[in-house]
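Inside the fold
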Amino acid sequence: MARRYDPERRQRIIDAAIRVVGDMGLAGLSHRSVAAEADVPLGSTTYHFKTLDELMVAALRQANEGFAKVVAARGGLEDPRTDLAGELAGWMGEWLAGDRTGVELEYELYLAALRRPALRPVAAEWAEDLAERLTRRTDPVTARALVAVLDGICLQVLLTGAAYDEGYAREVLGRVIPRGVRTGGAGGR
């Protein structure tokens, strides 16, 4: 029997892994569960991803793209006149207002880096990329602090099931941002 060319198979496996983690958590992730979800032979999952860590890295990279798309779509970070705290609070609101399962999945994979060293560089990439974007408007230390606050607020919302309070987020973020930077004054790099 001739081998069938399937250029989308690797992507279908990643998508299936994300659905499996979304449905069953990381504990339910296995090559077998992903193969069944993707409707591919078990050997296909191990061909494309030798280990579960490799598969989780690919899934986390793809999940990280969700927040990056929100940031890119809004574009307010580029305008120095934009209220930085308001823009960041708006990002979180948009991200958390979307598919909550996707956000929860992203954080589950993100936090898996605590026990799976292979995931740490990917988790760090997200924080470093966001901090780099924020240094366009503020200093590197403040940028890292803002990333930590964003992370903390998102985790609180996800863990408590509380509604996201954009006004609260704007207030807290505004307390971290130096005065001259808040609305685009002369406090940037």
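Keep in mind it's a predicted model, so treat the numbers as computed, not measured.

1. Considerations on the overall build of the chain
- The number of helices and strands found in the chain is 10 helices and 0 strands.
- What you see in the chain, going N to C, is helices and strands ordered as α-α-α-α-α-α-α-α-α-α.
- Taken over the C-alpha atoms alone, the chain extends approximately 70 × 30 × 25 Å along its principal axes.
- Classification of the 189 residues of the chain by burial places 43% in the buried group.
- Contacts in the chain between residues at least 24 apart in sequence constitute 65% of all its contacts with a sequence separation of at least 6.
- In the form shown here, the chain has an accessible surface area of approximately 10200 Å², with 53% of it arising from carbon and sulfur atoms.
- Across the chain, 25 positive and 27 negative side-chain charges occur, with their mean positions spaced 3 Å apart.

2. Description of the packing of helix 6 (residues 100-112) against helix 8 (residues 140-160)
- Direction vectors running N to C along helix 6 and helix 8 enclose 120°, while the axes themselves pass 11 Å from each other. When the axis of helix 6 is compared with that of helix 8, the two are oblique. Handedness of the crossing formed by helix 6 with helix 8: left-handed. Side by side, helix 6 and helix 8 meet where Arg100, Val103, Glu104, Tyr107, Tyr110 and Leu111 of the first sit next to Leu150, Asp151, Cys154, Leu155, Val157 and Leu158 of the second.
- For the contact of helix 6 with helix 8, the class distribution of residues is 9 nonpolar, no polar and 3 charged.

3. Some remarks on the nonpolar core
- Counting residues in each nonpolar core, the largest one holds 58 residues, and the members touching the most others are Trp91, Leu134 and Leu173.
- For this core, the secondary-structure elements that each account for two or more residues are helix 1 (9-24), helix 2 (31-38), helix 4 (52-74), helix 5 (84-97), helix 6, helix 7 (120-134), helix 8 and helix 9 (166-176).
- Setting aside anything within four residues of it in sequence, one finds Trp91 in contact with Phe67, Val70, Val71, Arg74, Leu77, Leu130 and Leu134.

4. Overview of the packing of aromatic side chains
- Under the counting rule described, the total for this entry stands at 3 aromatic pairs.
- Arranged with centres 5.8 Å apart and planes meeting at 50°, the rings of Trp95 and Tyr107 form a pair that is tilted. Taken as a pair, Trp95 in helix 5 and Tyr107 in helix 6 lie far apart in primary sequence, 12 residues in all. A single burial state applies to Trp95 and to Tyr107, both of which are buried.
- Ring plane angle 75° and centroid distance 5.7 Å describe the contact between Tyr110 and Trp126, whose orientation is recorded as edge-to-face.

5. Observations regarding helix 1
- A rise of 1.5 Å per residue sets the reference length of helix 1, with its 16 residues, at 22 Å; its end C-alpha atoms lie 22 Å apart and thus fit the reference within 8%.
- Turning to helix 1, its buried residues are Arg9, Ile13, Ile14, Ala16, Ala17, Ile18, Val20 and Val21.
- At its buried positions, helix 1 is contacted by helix 2, helix 3 (42-48), helix 4 and helix 6.
- In the stretch just after helix 1, Gly25 is the one whose phi turns positive, near 75°.

6. Considering the confidence of the model for the chain
- On average, residues of the chain carry a pLDDT of 86, and 93% of them reach 70 or more.
- Confidence drops under a pLDDT of 50 for residues 185-189, and excluding neighbours within four residues, the segment shows 9 contacts in the predicted structure.

About the cut-offs
Residues numbered from 1 in each chain as written. Predicted model: local features only at pLDDT ≥ 70, side-chain atom pairs only at ≥ 80, totals over all residues. Heavy atoms only, no water. Helix = DSSP H or I, 4+ residues; strand = E, 2+ residues; numbered from the N terminus. Buried < 20%, exposed > 50% of the residue type's maximum accessible area, 1.4 Å probe, protein only. Contact = heavy atoms within 4.5 Å. Areas by Shrake-Rupley, 256 points an atom, 1.4 Å probe, with all protein chains shown as cover. Lys, Arg positive; Asp, Glu negative; His and termini not counted. Charge placed at Lys NZ, Arg CZ, Asp CG, Glu CD. Axes fitted to C-alpha atoms, helices over the stretch in contact; angles between N-to-C directions. Parallel < 35°, antiparallel > 145°, perpendicular 65-115°, else oblique. Left-handed = near helix turned anticlockwise from the far one by under 90°. Nonpolar A, V, L, I, M, F, W, Y, C, P; charged D, E, K, R; others polar. Core = buried A, V, L, I, M, F, W, Y, C linked by side-chain atoms within 4.5 Å. Phe/Tyr/Trp six-rings, centres within 6.5 Å; stacked < 30°, edge-to-face > 60°. Expected span 1.5 Å × (residues − 1). pLDDT = per-residue confidence, 0-100.

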